[in-house]
Amino acid sequence: MTPEIPAANANVTFDSDGETLLGVLHLPAGPGPHPLVVLLHGFPGHERNFDLAQHLRRAGYAALVFHYRGSWGVGGSWSWTTSLEDAARVVAAVREPGFAAAHRLDPDRLALAGHSFGGFAALTTAAGDPGVRAVVSVSAFDFGSVAVACREDAALRAAYVEGFGDDLLPLKGTSGAALVDEMMEAGEAWSLSALAPKLADRPVLLIGTAGRDPITPAARHHDPVVAGYTACPVPRLEHRVFDTDHALSDHRLELAETIRDFLGRHLIG
(Lines give C-alpha, C1' and ligand atoms only; values in the text may rest on other atoms or scores of the structure.)
Protein backbone atom coordinates (compact mmCIF):
# COMPACT_ATOMS: atom_id res chain seq x y z
CA MET A 1 0.00 0.00 0.00
CA THR A 2 1.38 3.42 -0.97
CA PRO A 3 1.89 5.59 2.13
CA GLU A 4 -0.20 8.73 2.39
CA ILE A 5 1.59 11.88 1.29
CA PRO A 6 1.46 14.19 4.33
CA ALA A 7 0.54 17.85 4.40
CA ALA A 8 3.56 20.13 4.15
CA ASN A 9 4.76 23.69 3.73
CA ALA A 10 7.01 24.50 0.78
CA ASN A 11 9.12 27.65 0.64
CA VAL A 12 8.85 28.85 -2.96
CA THR A 13 10.23 31.74 -5.01
CA PHE A 14 9.15 33.50 -8.17
CA ASP A 15 11.04 35.83 -10.48
CA SER A 16 9.37 39.17 -11.19
CA ASP A 17 11.31 41.61 -13.31
CA GLY A 18 14.60 40.35 -11.91
CA GLU A 19 13.54 40.37 -8.26
CA THR A 20 12.91 37.20 -6.26
CA LEU A 21 9.49 37.05 -4.61
CA LEU A 22 9.22 34.89 -1.49
CA GLY A 23 6.24 32.69 -0.76
CA VAL A 24 4.93 29.84 1.36
CA LEU A 25 2.86 27.14 -0.32
CA HIS A 26 0.57 25.26 2.07
CA LEU A 27 0.07 21.80 0.62
CA PRO A 28 -2.67 19.42 1.76
CA ALA A 29 -2.18 15.71 2.27
CA GLY A 30 -2.63 13.34 -0.63
CA PRO A 31 -1.29 12.89 -4.14
CA GLY A 32 -3.39 15.61 -5.76
CA PRO A 33 -3.50 17.29 -8.12
CA HIS A 34 -4.89 19.87 -5.70
CA PRO A 35 -6.90 22.99 -6.51
CA LEU A 36 -4.91 26.11 -5.66
CA VAL A 37 -5.85 29.42 -4.06
CA VAL A 38 -3.38 32.32 -4.33
CA LEU A 39 -3.87 34.70 -1.41
CA LEU A 40 -2.96 38.35 -2.03
CA HIS A 41 -2.21 40.45 1.03
CA GLY A 42 -2.92 44.13 1.34
CA PHE A 43 -0.94 47.29 2.03
CA PRO A 44 1.50 47.01 3.70
CA GLY A 45 0.71 43.39 4.59
CA HIS A 46 0.31 43.23 8.37
CA GLU A 47 -2.60 40.82 7.81
CA ARG A 48 -1.20 38.11 5.57
CA ASN A 49 -4.13 35.68 5.84
CA PHE A 50 -2.17 32.66 6.99
CA ASP A 51 -5.26 31.57 8.92
CA LEU A 52 -7.16 31.43 5.63
CA ALA A 53 -4.33 29.42 4.07
CA GLN A 54 -4.48 26.86 6.88
CA HIS A 55 -8.28 26.68 6.73
CA LEU A 56 -8.21 26.12 2.99
CA ARG A 57 -5.51 23.47 3.30
CA ARG A 58 -7.67 21.53 5.77
CA ALA A 59 -10.42 21.64 3.13
CA GLY A 60 -8.11 20.11 0.49
CA TYR A 61 -6.77 23.20 -1.27
CA ALA A 62 -3.18 24.21 -1.78
CA ALA A 63 -2.83 27.83 -0.65
CA LEU A 64 -0.05 30.25 -1.53
CA VAL A 65 0.92 33.38 0.40
CA PHE A 66 3.71 35.56 -1.05
CA HIS A 67 5.22 39.04 -0.77
CA TYR A 68 5.33 41.65 -3.52
CA ARG A 69 8.43 43.54 -4.55
CA GLY A 70 9.65 46.07 -2.02
CA SER A 71 7.74 44.50 0.89
CA TRP A 72 8.83 42.58 3.95
CA GLY A 73 12.45 42.13 2.88
CA VAL A 74 11.85 41.34 -0.79
CA GLY A 75 14.08 43.28 -3.20
CA GLY A 76 12.94 46.12 -5.39
CA SER A 77 10.66 49.05 -4.62
CA TRP A 78 6.99 48.98 -3.69
CA SER A 79 4.36 50.50 -5.91
CA TRP A 80 0.76 49.67 -6.70
CA THR A 81 1.69 48.93 -10.32
CA THR A 82 4.62 46.62 -9.60
CA SER A 83 2.52 44.75 -7.04
CA LEU A 84 -0.15 44.17 -9.68
CA GLU A 85 2.58 42.94 -12.04
CA ASP A 86 3.86 40.59 -9.32
CA ALA A 87 0.39 39.15 -8.76
CA ALA A 88 -0.04 38.48 -12.47
CA ARG A 89 3.37 36.83 -12.77
CA VAL A 90 2.83 34.58 -9.76
CA VAL A 91 -0.59 33.51 -11.03
CA ALA A 92 1.03 32.56 -14.34
CA ALA A 93 4.03 30.86 -12.70
CA VAL A 94 2.03 28.49 -10.48
CA ARG A 95 0.37 27.06 -13.61
CA GLU A 96 3.63 26.30 -15.38
CA PRO A 97 3.84 22.52 -15.91
CA GLY A 98 7.06 22.05 -13.96
CA PHE A 99 5.89 24.00 -10.91
CA ALA A 100 2.44 22.45 -10.91
CA ALA A 101 3.81 18.91 -11.22
CA ALA A 102 6.45 19.41 -8.53
CA HIS A 103 3.83 20.56 -6.02
CA ARG A 104 0.92 18.34 -7.10
CA LEU A 105 -1.23 21.26 -8.26
CA ASP A 106 -4.11 21.34 -10.72
CA PRO A 107 -3.46 24.38 -12.93
CA ASP A 108 -7.01 24.27 -14.25
CA ARG A 109 -8.49 24.85 -10.78
CA LEU A 110 -6.96 28.13 -9.68
CA ALA A 111 -8.67 30.83 -7.63
CA LEU A 112 -7.54 34.19 -6.29
CA ALA A 113 -8.49 35.70 -2.96
CA GLY A 114 -7.27 39.01 -1.60
CA HIS A 115 -7.81 41.49 1.21
CA SER A 116 -7.89 45.30 0.92
CA PHE A 117 -5.31 46.22 -1.75
CA GLY A 118 -5.12 42.44 -2.26
CA GLY A 119 -8.85 42.39 -3.01
CA PHE A 120 -8.31 45.07 -5.64
CA ALA A 121 -5.35 43.07 -6.99
CA ALA A 122 -7.33 39.83 -7.04
CA LEU A 123 -10.17 41.33 -9.08
CA THR A 124 -7.78 43.18 -11.40
CA THR A 125 -5.60 40.11 -11.96
CA ALA A 126 -8.57 37.82 -12.59
CA ALA A 127 -10.03 40.34 -15.06
CA GLY A 128 -6.81 40.13 -17.07
CA ASP A 129 -6.35 36.35 -16.85
CA PRO A 130 -9.18 34.08 -18.04
CA GLY A 131 -7.33 31.10 -16.57
CA VAL A 132 -8.40 32.20 -13.09
CA ARG A 133 -11.49 30.11 -12.35
CA ALA A 134 -12.93 32.11 -9.42
CA VAL A 135 -12.08 35.23 -7.43
CA VAL A 136 -12.74 36.41 -3.88
CA SER A 137 -12.35 40.03 -2.78
CA VAL A 138 -12.43 40.97 0.91
CA SER A 139 -12.67 44.62 2.00
CA ALA A 140 -11.32 45.68 -1.39
CA PHE A 141 -9.95 49.21 -1.75
CA ASP A 142 -11.48 50.81 -4.84
CA PHE A 143 -8.54 52.88 -6.09
CA GLY A 144 -10.51 54.32 -8.99
CA SER A 145 -13.25 55.87 -6.88
CA VAL A 146 -10.75 57.22 -4.33
CA ALA A 147 -8.62 58.74 -7.10
CA VAL A 148 -11.63 60.64 -8.44
CA ALA A 149 -12.54 61.85 -4.96
CA CYS A 150 -8.96 63.01 -4.29
CA ARG A 151 -8.96 65.07 -7.49
CA GLU A 152 -11.99 66.94 -6.22
CA ASP A 153 -10.87 67.36 -2.60
CA ALA A 154 -7.34 68.54 -1.75
CA ALA A 155 -7.87 67.84 1.95
CA LEU A 156 -8.81 64.25 1.18
CA ARG A 157 -5.70 63.85 -0.96
CA ALA A 158 -3.57 65.17 1.90
CA ALA A 159 -5.22 62.71 4.29
CA TYR A 160 -4.35 59.79 2.02
CA VAL A 161 -0.77 61.01 1.64
CA GLU A 162 -0.47 60.99 5.42
CA GLY A 163 -2.31 57.69 5.84
CA PHE A 164 -0.25 55.81 3.26
CA GLY A 165 2.91 57.40 4.63
CA ASP A 166 2.19 56.10 8.12
CA ASP A 167 2.24 52.48 6.89
CA LEU A 168 5.57 52.35 5.07
CA LEU A 169 7.77 50.60 7.68
CA PRO A 170 7.65 47.11 6.03
CA LEU A 171 8.07 48.66 2.57
CA LYS A 172 10.85 50.43 0.72
CA GLY A 173 11.35 52.73 -2.22
CA THR A 174 8.17 54.80 -1.99
CA SER A 175 6.33 57.49 -0.06
CA GLY A 176 2.79 58.48 0.78
CA ALA A 177 2.86 61.21 -1.86
CA ALA A 178 4.22 58.85 -4.53
CA LEU A 179 1.49 56.30 -3.83
CA VAL A 180 -1.28 58.89 -4.00
CA ASP A 181 0.16 60.34 -7.21
CA GLU A 182 0.29 56.87 -8.78
CA MET A 183 -3.31 56.20 -7.78
CA MET A 184 -4.50 59.54 -9.14
CA GLU A 185 -2.62 59.08 -12.40
CA ALA A 186 -4.36 55.74 -12.94
CA GLY A 187 -7.69 57.31 -12.05
CA GLU A 188 -10.82 55.66 -13.43
CA ALA A 189 -8.72 52.94 -15.07
CA TRP A 190 -8.46 51.44 -11.60
CA SER A 191 -12.19 51.43 -10.96
CA LEU A 192 -13.35 48.07 -9.65
CA SER A 193 -16.80 48.52 -11.19
CA ALA A 194 -15.22 48.88 -14.64
CA LEU A 195 -13.88 45.32 -14.38
CA ALA A 196 -17.36 43.80 -14.46
CA PRO A 197 -17.46 42.87 -18.18
CA LYS A 198 -14.18 40.96 -17.89
CA LEU A 199 -15.46 39.02 -14.88
CA ALA A 200 -18.91 38.25 -16.23
CA ASP A 201 -17.96 34.65 -17.05
CA ARG A 202 -16.50 33.84 -13.63
CA PRO A 203 -17.80 33.27 -10.09
CA VAL A 204 -17.06 36.37 -8.00
CA LEU A 205 -17.43 36.74 -4.23
CA LEU A 206 -17.36 40.29 -2.85
CA ILE A 207 -17.14 40.67 0.93
CA GLY A 208 -17.50 44.14 2.39
CA THR A 209 -16.91 45.51 5.87
CA ALA A 210 -18.95 48.14 7.66
CA GLY A 211 -19.46 49.56 11.09
CA ARG A 212 -15.85 49.64 12.30
CA ASP A 213 -13.90 49.91 9.05
CA PRO A 214 -12.67 53.44 8.30
CA ILE A 215 -10.32 52.20 5.54
CA THR A 216 -12.75 50.54 3.12
CA PRO A 217 -16.24 51.32 4.43
CA ALA A 218 -18.80 49.35 2.48
CA ALA A 219 -20.78 52.41 1.40
CA ARG A 220 -17.81 53.70 -0.65
CA HIS A 221 -15.80 50.60 -1.55
CA HIS A 222 -18.27 47.69 -1.63
CA ASP A 223 -21.84 48.75 -2.36
CA PRO A 224 -21.08 50.63 -5.63
CA VAL A 225 -19.05 47.67 -6.91
CA VAL A 226 -21.90 45.26 -6.12
CA ALA A 227 -24.27 47.58 -7.96
CA GLY A 228 -21.96 47.73 -10.98
CA TYR A 229 -21.51 43.96 -11.14
CA THR A 230 -25.25 43.40 -10.73
CA ALA A 231 -26.01 45.82 -13.56
CA CYS A 232 -23.41 44.37 -15.95
CA PRO A 233 -24.40 41.63 -15.00
CA VAL A 234 -21.93 39.22 -13.44
CA PRO A 235 -24.29 36.21 -13.24
CA ARG A 236 -22.35 34.24 -10.62
CA LEU A 237 -21.80 37.18 -8.29
CA GLU A 238 -22.18 36.57 -4.56
CA HIS A 239 -21.82 39.28 -1.95
CA ARG A 240 -22.23 40.01 1.72
CA VAL A 241 -21.19 42.56 4.33
CA PHE A 242 -19.81 41.84 7.78
CA ASP A 243 -20.25 44.33 10.63
CA THR A 244 -16.61 44.38 11.74
CA ASP A 245 -13.28 46.14 11.37
CA HIS A 246 -11.07 46.27 8.29
CA ALA A 247 -9.17 43.07 9.15
CA LEU A 248 -12.40 41.22 10.09
CA SER A 249 -10.71 40.58 13.43
CA ASP A 250 -13.77 39.08 15.10
CA HIS A 251 -15.09 37.34 11.98
CA ARG A 252 -12.07 35.35 10.81
CA LEU A 253 -13.65 31.91 11.14
CA GLU A 254 -16.88 33.03 9.46
CA LEU A 255 -14.79 34.64 6.72
CA ALA A 256 -12.83 31.43 6.17
CA GLU A 257 -15.97 29.31 6.05
CA THR A 258 -17.66 31.74 3.64
CA ILE A 259 -14.70 31.54 1.26
CA ARG A 260 -14.46 27.76 1.59
CA ASP A 261 -18.16 27.35 0.83
CA PHE A 262 -17.90 29.61 -2.23
CA LEU A 263 -14.84 27.82 -3.62
CA GLY A 264 -16.34 24.42 -2.87
CA ARG A 265 -19.26 25.21 -5.16
CA HIS A 266 -17.29 26.87 -7.93
CA LEU A 267 -13.78 25.40 -7.92
CA ILE A 268 -14.41 21.81 -6.87
CA GLY A 269 -18.13 21.27 -7.37
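Look a little higher up for the structure.
Quick caveat, the model's predicted, so the values are computed rather than measured.

This part takes up the sheet that holds strand β5 (residues 105–115). Read across the open sheet, the eight strands follow the order β1-β2-β4-β3-β5-β6-β7-β8; overall the sheet is mixed. At either end of the open sheet lies a strand with only one pairing partner, and these are β1 (8–16) and β8 (237–245). For this sheet the average axis-to-axis angle between neighbouring strands, irrespective of direction, equals 20 degrees. Pairing of strand β3 (residues 34–40) with strand β4 (residues 62–66) involves four bridges; the strand directions are parallel. Paired with Val37 across the bridge in β4 is Ala63. Against the sheet, helix α10 (residues 223–231) touches β7 (204–212) and β8, its axis set at about 175 degrees to β8.

Where a strand is regular, its side chains alternate between the two sheet faces. Looking at chain direction, β1 and strand β2 (residues 19–27) are connected through nine bridges and run antiparallel. When the sheet's bridge partners are listed, Val12 is paired in β2 with Gly23. Linkage of β1 to β2, two consecutive antiparallel strands, is achieved through a turn of two residues, within which Asp17 is found at a positive phi near 55 degrees.

Summed over all chains, the structure comprises 21 aromatic pairs. Judged by centre distance (5.3 Å) and plane angle (40 degrees), the rings of Trp80 and Phe117 are tilted. Of this pair, Trp80 sits in helix α2 (residues 80–93) while Phe117 sits in helix α4 (residues 117–128), and the two are 37 residues apart along the sequence. Across the pair, Phe117 and Trp80 agree in class, each one buried.

Quick look at the side chain of Thr209 now. Take Thr209: it is sitting in strand β7. Accessibility expressed as a relative area gives 0% for Thr209, which makes it buried. Reaching out from Thr209, the side chain makes a polar contact with the side chain of Ser139 at a distance of 2.9 Å. If we ignore the near neighbours within four places in the chain, the residues touching Thr209 are Ser139, Thr216, Pro217, Ala218, Val241, Phe242, Thr244, Asp245 and Leu248.

Attention now goes to the nonpolar core. In terms of nonpolar packing, the biggest core is built from 63 residues, with Leu25, Val38, Leu64, Trp80, Phe117, Met183 and Tyr229 touching the most fellow members. With seven residues, α4 is the single largest residue contributor to this core. Here Met183 is in contact with Trp80, Phe141, Phe143, Val146, Ala147, Cys150, Phe164 and Trp190, once residues within four sequence places are set aside. Core analysis: the next-biggest nonpolar cluster, separate from the first, contains 23 residues, Ala111, Val136, Ile207 and Leu255 among them.

Among the five residues in strand β6 (residues 134–138), five count as buried, and that is most of the element. Of the two faces of β6, both are covered, the one formed by Ala134, Val136 and Val138 as well as the one formed by Val135 and Ser137. Pairing geometry for β5 and β6, over five bridges, is parallel. Residue Leu112 lies in a different strand from β6, and its bridge partner there is Val135. This β-α-β element, β5 to α4 to β6, shows right-handed connectivity.

Further remarks concern unusual backbone geometry. For residues besides glycine, phi is generally negative; the peptide bonds are generally trans as well. With an omega of -5 degrees, the peptide bond between Phe43 and Pro44 qualifies as cis. Along the chain, the position of Pro44 falls in the loop between β3 and α1 (50–58). In this structure, the amide linkage connecting Cys232 to the following residue, Pro233, adopts the cis form with an omega of -5 degrees. Along the chain, Pro233 falls in the loop between α10 and β8. Residues other than glycine seldom take positive phi values, yet Asn49 does so here, at roughly 65 degrees. Relative to the helices and strands, Asn49 is located in the loop between β3 and α1. Accessibility expressed as a relative area gives 3% for Asn49, which makes it buried. Unusually for a residue other than glycine, Arg104 sits at a positive phi of about 60 degrees. Tracing the sequence through the fold places Arg104 in the loop between α3 (97–102) and β5.

Calculation notes
Residues numbered from 1 in each chain as written. Predicted model: local features only at pLDDT ≥ 70, side-chain atom pairs only at ≥ 80, totals over all residues. Heavy atoms only, no water. Pairing = 2+ DSSP bridges. Helix = DSSP H or I, 4+ residues; strand = E, 2+ residues; numbered from the N terminus. Axes fitted to C-alpha atoms, helices over the stretch in contact; angles between N-to-C directions. Contact = heavy atoms within 4.5 Å. Phe/Tyr/Trp six-rings, centres within 6.5 Å; stacked < 30°, edge-to-face > 60°. Buried < 20%, exposed > 50% of the residue type's maximum accessible area, 1.4 Å probe, protein only. Polar contact = N/O pair within 3.5 Å; in protein donor to acceptor, adjacent residues only side chain to side chain. Core = buried A, V, L, I, M, F, W, Y, C linked by side-chain atoms within 4.5 Å. Right-handed = clockwise from strand over helix to strand, strands pointing away.

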